[in-house]
Amino acid sequence: MSRRCALVLVVLLATPSWAADATPPKETDISYFYDIFEQSLVRPMTRLLDPALWVRKATGNPRQAMNVDERDQVRLPSTWWQPRAGFRPLDAEQMLNGPGLGGPLPGRWTVTRAKTQGVTPGFFVKDPSGTRFILKFDPPACPEMATGADVVSSYLFWAAGYNVPSNSIVRFHAESLLVAPDAVVIDKRGRKVPMTDEYLKQLLSRVRREPDGTYRAMASRLLAGKPLGPFEYDGRRKDDPEDLVPHQHRRELRGLWTLCAWLGHADSRGPNSLDMWVTDGGRTFVRHHLIDFGSCLGSGAVAKRSYQTGHEYFVDYGTMTRSALTLGLVPAKWEASVDPELPAVGFIDSKTFDPKGWRPDYPNPAFDERTARDIRWGARIVAAMSDSLIRAAVEQGRFDDPRATEYLTKVLIERRDKVVQAWLAGDAQVSEQER
Amino acid sequence: MTPGRAVLVRILIATACMAAGASGMARAQQATPAPAAAPPVDSARVSPASDLAPSTAPPWNPPEPKSGKRLWESLLELPGHVVTLPLSALGYGARNYLLFAEANAVVPRAKAIFASSPRFGVYAIPASLGDHTGTGVALELRPPRLREFLTGELSASTQHYHRTRVELALGPLGAEYQYEWRPRDQFYGLGPGSSLDNLSEYAVQGQAIRAQLAFPWQRRKQKPPPAQVSAYVGTRQLVMRNGRGAEPSFEQVFPVIGASQLNEQVENLLTGFRGYFDTRGGKPHWTQGVRVEAQLDHFASSSEKVLAFQDASTDAPEFTRYSGAVTTGFSFMRDPRTIRLSLRGTHEDVAHRSEAMRIYDLSGLGGGRGLYGFEPGRFKDLDMVVGQVSYIFPLAEHFEMDVHTELGNVYRDVFEAPTWSSLRQSYGVNLRPRSKVSPLGFVGVDWSNEGIRFRFSIGSVE
């Protein structure tokens with residue numbers, strides 16, 4: 001630990017003056033509602049009427065990722081992705097140490113402000129060492145589900161090479177929380193008001209209390225650097241000189257589809273990402289992160305995932321047209337699913353998982369541009385997720401019910417096998433249609 | 001997956017893991033050569049292959065920013081971009097507004113303001129004044145201290161329809177007062193053969209007061225009981241006025257009817273009985289069960305003068321209305337596909353002054369009252385019968401479709417065996433957004449041999 005601190009100190013002192021003077025790109029934001037509207041209604045319509053896309057489809061000439069080399073691999077270095085599973089040896093211990101330094105230190109945690117974004121209740125805390133975390137909780141009907149999914153998925157996405165926050169499960173007593181004198185909360189009318197003990201008490205009253213009087217939460221260590229807001233899955237951050245490839249044509253983002261399919265990350269969208277302006281290794285630059293995995297696996301954050309998740313978009317014109325033409329008489333794939341009835345898991349299965357047709361909640365521009373090469377790139381990473389890596393990640397969910405750990409491990413292994421079977425079994429032959 | 005395939009997959013996974021271990025480092029490094037034109041990468045800053053931490057080295061980038069499109073793609077898309085420029089501007093505006101709204105918590109603030117309305121007991125909801133009444137708003141009044149007993153409603157629409165209602169409830173006992181002004185309801189004439197060419201409009205002004213005894217009674221904020229019987233008594237005052245819309249008024253098109261009804265105030269003593277039982281249930285729409293409903297209303301002549309608002313100017317017609325409805329359905333498959341059948345009928349038995357039966361009091365079909373593919377008020381007579389078959393099936397998680405057909409018509413006497421050929425047919429398709437537990441509304445189209453009608457509703461869908 002002390003060596004790491006010393007190293008950080010050396011790096012900071014050695015940081016050249018240009019790095020300190022570097023101007024960060026402008027902060028951006030994505031409107032949740034507009035994003036849903038644009039990706040669900042506007043962009044599908046635009047794609048439908050796009051003559052260039054017709055030409056590309058008709059000639060079997062999709063646009064391939066732009067940041068790959070002649071071996072079809074991501075050109076490195078990258079501020080988006082680091083080769084790990086599938087490209088380098090990776091064991092469970094490395095994975096568990098990978099994302100960061102774990103949860104808050106024991107002792108008094110100072111609550112600094114309430115969480116205002118997202119759908120789950122939560123707040124920000126500082127541990128005795130001054131390290132800041134955000135604490136998020138489970139919906140009362142599904143204890144352990146959202147927090148477990150967030151932690152398990154963050155480890156697996158880290159193993160896959162993506163930049164993620166360090167997430168861990170913590171348990172604490174209400175008495176260990178102390179509201180900071182300057183802590184604020186946004187009230188129902190959008191005004192900043194001082195946070196009170198009463199507010200905290202009310203918030204905790206909406207959270208399940210364990211029999212031993214503790215509360216379970218997911219502690220996410222705040223990322224280092226200055227937040228610049230989420231990245232979009234298309235276009236570029238034009239004021240970032242290191243962002244010269246349109247995001248929808250980045251292999252790491254197109255190939256992310258395979259990982260999201262495997263982990264059931266249907267909430268993979270711009271607002272669940274975060275760019276940070278970091279100073280690291282003597283440079284100041286933008287690092288791109290995936291965040292908020294509370295809607296992965298079987299969790300829908302506030303309730304378990306619906307059986308349709310992964311099979312269709314929120315507004316799925318193709319599915320709706322097919323159903324309308326057949327009068328709904330052809331059963332949907334998800335109708336054969338079996339719910340494990342494990343509240344800590346929510347709903348995720350392998351039986352009805354379709355590794356070729358999986359869909360997020362609503363269309364993602366980078367996923368829409370994916371080609372078979374991008375998917376195979378992702379499948380290679382999924383294939384490298386050994387049983388032991390999966391089990392180690394799932395165990396970090398700290399599920400009280402051992403059946404939840406067993407079920408989730410089994411389902412992830414089976415889903416992985418389906419991805420491999422679908423995309424790597426005939427690896428040598430990439431048909432023209434699949435290119 | 002067959003055992004053979006499973007073995008193959010396992011081998012592939014093992015190979016991938018081994019390959020990652022054996023040659024991952026070399027491959028990762030081989031994968032990094034920058035093209036000649038790319039800015040040089042400081043190799044000293046590139047993380048060693050054994051370092052799994054995020055790289056701090058300057059990332060690979062092309063010599064200049066890449067475009068998302070090739071030139072030929074941009075040229076092909078140019079006309080589309082030009083044509084949709086206004087939409088793009090609209091989208092840009094919407095995006096910025098929504099960003100502003102979300103950053104400034106406009107929606108939570110608005111919700112908080114509406115949520116505070118219980119303090120005043122005022123709620124704004126969409127009005128339900130019927131077809132062709134324009135866009136309407138209803139203000140629902142529930143005084144905080146009396147909300148268990150007293151509710152009021154003020155509805156008004158852009159077509160100048162208006163309704164005021166006050167309800168008192170005390171356990172099984174209830175009382176209700178209603179005043180209504182309908183300025184331009186449609187009338188095509190009497191009987192099943194009325195002609196489209198005879199479109200006219202009438203206005204009606206009415207008020208009614210009644211007392212009711214119901215068992216079991218519906219508690220506030222609770223679902224209606226599965227079965228209920230109720231009896232009521234009251235008085236009803238009605239006057240027909242000339243239509244206030246763009247179409248000719250009814251007394252111009254139907255002078256005989258107009259002569260006996262226009263501006264002639266009638267008042268009836270109303271006594272009635274209503275009962276139903278309802279076993280329907282299921283989600284996301286009701287999927288099985290049956291609902292049976294029967295109602296009897298006796299409109300006595302105003303000469304009885306009991307509970308009368310005032311002395312009426314003429315003798316009112318005296319009649320009894322019998323209404324009945326049966327609805328049932330069943331479903332199949334996991335995401336329910338439901339077939340529903342319903343049959344409704346009304347018979348009016350006129351004891352006195354049948355020629356003076358007000359248009360408003362007649363049984364009707366067309367629009368929301370049945371036979372949706374026909375204009376509201378398209379058919380009017382003493383009796384009516386209408387049946388509906390609908391098939392509701394899922395389109396996707398959040399949408400379902402309702403395909404339905406209706407058969408029915410109005411008659412002078414429904415017991416004089418209406419012939420099959422006299423029945424009018426209407427067909428319709430509705431797209432219904434749905435939650436996990438209920439439909440949220442619909443938008444749809446209904447058609448008949450007389451035309452096409454577009455319909456929508458927010459809420460109020462079974």
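Basis of the calculations
Residues numbered from 1 in each chain as written. Chains lettered and ligands numbered in written order. Predicted model: local features only at pLDDT ≥ 70, side-chain atom pairs only at ≥ 80, totals over all residues. Heavy atoms only, no water. Pairing = 2+ DSSP bridges. Helix = DSSP H or I, 4+ residues; strand = E, 2+ residues; numbered from the N terminus. Axes fitted to C-alpha atoms, helices over the stretch in contact; angles between N-to-C directions. Contact = heavy atoms within 4.5 Å. Buried area = accessible area lost by both parts, 1.4 Å probe. Salt bridge = Lys/Arg side-chain N within 4 Å of Asp/Glu carboxyl O. Polar contact = N/O pair within 3.5 Å; in protein donor to acceptor, adjacent residues only side chain to side chain. Nonpolar A, V, L, I, M, F, W, Y, C, P; charged D, E, K, R; others polar. Buried < 20%, exposed > 50% of the residue type's maximum accessible area, 1.4 Å probe, protein only. Core = buried A, V, L, I, M, F, W, Y, C linked by side-chain atoms within 4.5 Å. Patch = residues over 30% accessible without salt bridge, like charges linked within 9 Å, V, L, I, M, F, W, Y side chains within 5 Å. Areas by Shrake-Rupley, 256 points an atom, 1.4 Å probe, with all protein chains shown as cover. Lys, Arg positive; Asp, Glu negative; His and termini not counted. Charge placed at Lys NZ, Arg CZ, Asp CG, Glu CD.

**Q** Honestly, the sheet that holds strand 9 (residues 273–280) of chain A in this entry has me stumped. Any pointers?
**A** Two strands in a sheet stick together by hydrogen bonds in their backbones, pointing the same way (parallel) or opposite ways (antiparallel). Residues and elements named next belong to chain A. Here 3 strands make up an open sheet; going across it, the order is 8-9-10 and the pairing antiparallel. Among the strands making up the open sheet, the edge pair consists of strand 8 (226–229) and strand 10 (283–290). Direction aside, neighbouring strands of the sheet carry axes that sit 30° apart on average. In the sheet, strand 9 pairs with strand 10 via 8 bridges, with the strands oriented antiparallel. Across the sheet, residue Val-278 finds its bridge partner in strand 10, namely Phe-285.

**Q** How should I be thinking about the sheet that holds strand 4 (residues 167–173) of chain A in this particular structure?
**A** Residue and element names in this part refer to chain A. Strand order in this open sheet of 7 strands is 4-7-3-2-1-5-6, and the pairing throughout is mixed. Looking at which strands have only one partner, the edges of the open sheet turn out to be strand 4 and strand 6 (192–194). Going from strand to strand, the sheet's axes swing by 30° on average, the running direction of each strand aside. Sheet analysis places strand 5 (residues 177–186) next to strand 6, joined by 3 bridges and oriented antiparallel. Bridging across to strand 6, Val-185 finds its partner in Val-193. The strands that helix 6 (residues 145–159) touches are strand 3 (132–136), strand 4 and strand 7 (214–221); relative to strand 4, the one it contacts most, it runs at about 145°. Helix 7 (residues 197–205) contacts strand 1 (109–114), strand 2 (122–126), strand 4, strand 5 and strand 7 of the sheet and is inclined by roughly 90° relative to strand 5.

**Q** What is the right way to read the interface of chain B and chain A from this model?
**A** How big an interface is tends to be stated in terms of the accessible area lost upon association of its parts. Taken together, the 80 residues of chain B in the interface contact 90 residues of chain A. Between chain B and chain A, roughly 6900 Å² of surface is buried when both sides are summed, and carbon and sulfur atoms account for 58% of that area. Of all residues in chain B, Leu-52, Trp-60 and Arg-334 of chain B give up the largest surface area on contact with chain A, accounting jointly for 11% of the area buried on that side. The tally of links between chain B and chain A comes to 5 salt bridges. Residue Arg-95 of chain B is joined to Glu-232 of chain A by a salt bridge in which the shortest nitrogen-to-oxygen separation is 2.6 Å. Across the chain B-chain A interface, the total number found is 28 residue pairs in polar contact (both at pLDDT 80 or more). With 15 residues, helix 1 (residues 3–30) of chain B is the single largest residue contributor to the side of chain B that touches chain A. Looking at side-chain class alone, the side of chain B that touches chain A contains 46 nonpolar, 13 polar and 21 charged residues.

**Q** So what exactly am I meant to see when it comes to the environment of Thr-23 of chain A here?
**A** All names here are of chain A. Tracing the sequence through the fold places Thr-23 in the loop between helix 2 (17–21) and helix 3 (32–48). The class of Thr-23 is exposed, set by a relative accessible area of 67%. Taking C-alpha positions, Thr-23 is 40 Å from Pro-51, a pair spaced 28 residues apart along the chain.

**Q** Explanation requested: the side chain of His-247 of chain A in the structure shown.
**A** Residue and element names in this part refer to chain A. Mapped onto the elements of the fold, His-247 is located in the loop between strand 8 and helix 8 (251–254). On the accessibility criterion, His-247 (2% relative accessible area) is buried. Within polar-contact distance, the side chain of His-247 engages the side chain of Asp-243 at 2.8 Å. Dropping the residues within four chain positions of it, His-247 is found in contact with Trp-80, Phe-231, Glu-232, Tyr-233, Asp-234, Gly-235, Arg-236, Arg-237, Leu-253 and Ala-366.

**Q** I tried to follow the nonpolar core on my own but got confused; where do I start?
**A** Considering soluble globular proteins, one finds that nonpolar side chains tend to be buried as a cluster. Residues and elements named next belong to chain A. Ranked by size, the top nonpolar core spans 70 residues in total, and within it Phe-157, Trp-262 and Met-385 carry the most contacts. Those elements that provide at least two residues to this core are helix 6, helix 9 (256–263), helix 11 (365–368), helix 12 (372–383), helix 13 (387–395) and helix 14 (402–423). The element best represented in this core is helix 14, accounting for 9 residues. Sequence-distant contacts of Met-385, that is, excluding residues within four places in its chain, are made with Ala-85, Leu-156, Ala-159, Ala-160, Trp-262, Ile-390 and Arg-416.

**Q** So what exactly am I meant to see when it comes to unusual backbone geometry here?
**A** Leaving glycine aside, a negative phi is the common case for residues, and trans is the common case for peptide bonds. Backbone torsion omega between Leu-76 of chain A and Pro-77 of chain A reads -5°, so that peptide bond is classified as cis. Along the chain, Pro-77 of chain A falls in the loop between helix 4 (51–58) and helix 5 (92–97). Cis geometry marks the peptide bond from Lys-283 of chain B to Pro-284 of chain B, where omega comes out at 10°. Despite not being glycine, His-132 of chain B has its phi angle at roughly 55°, a positive value. Mapping His-132 of chain B onto the fold places it in the loop between strand 1 (122–126) and strand 2 (136–141). At Met-333 of chain B, a residue that is not glycine, the phi angle is positive and equals roughly 70°. Residue placement: Met-333 of chain B occurs in the loop between strand 10 (318–332) and strand 11 (337–352). The exposure class assigned to Met-333 of chain B is partly exposed, which follows from its relative accessible area of 34%.

**Q** So what exactly am I meant to see when it comes to a positive patch on the surface here?
**A** The grouping of Arg-113, Lys-126, Arg-132 and Lys-192 of chain A at the surface amounts to a positive patch. Tracing the sequence through the fold places Arg-113 of chain A in strand 1.

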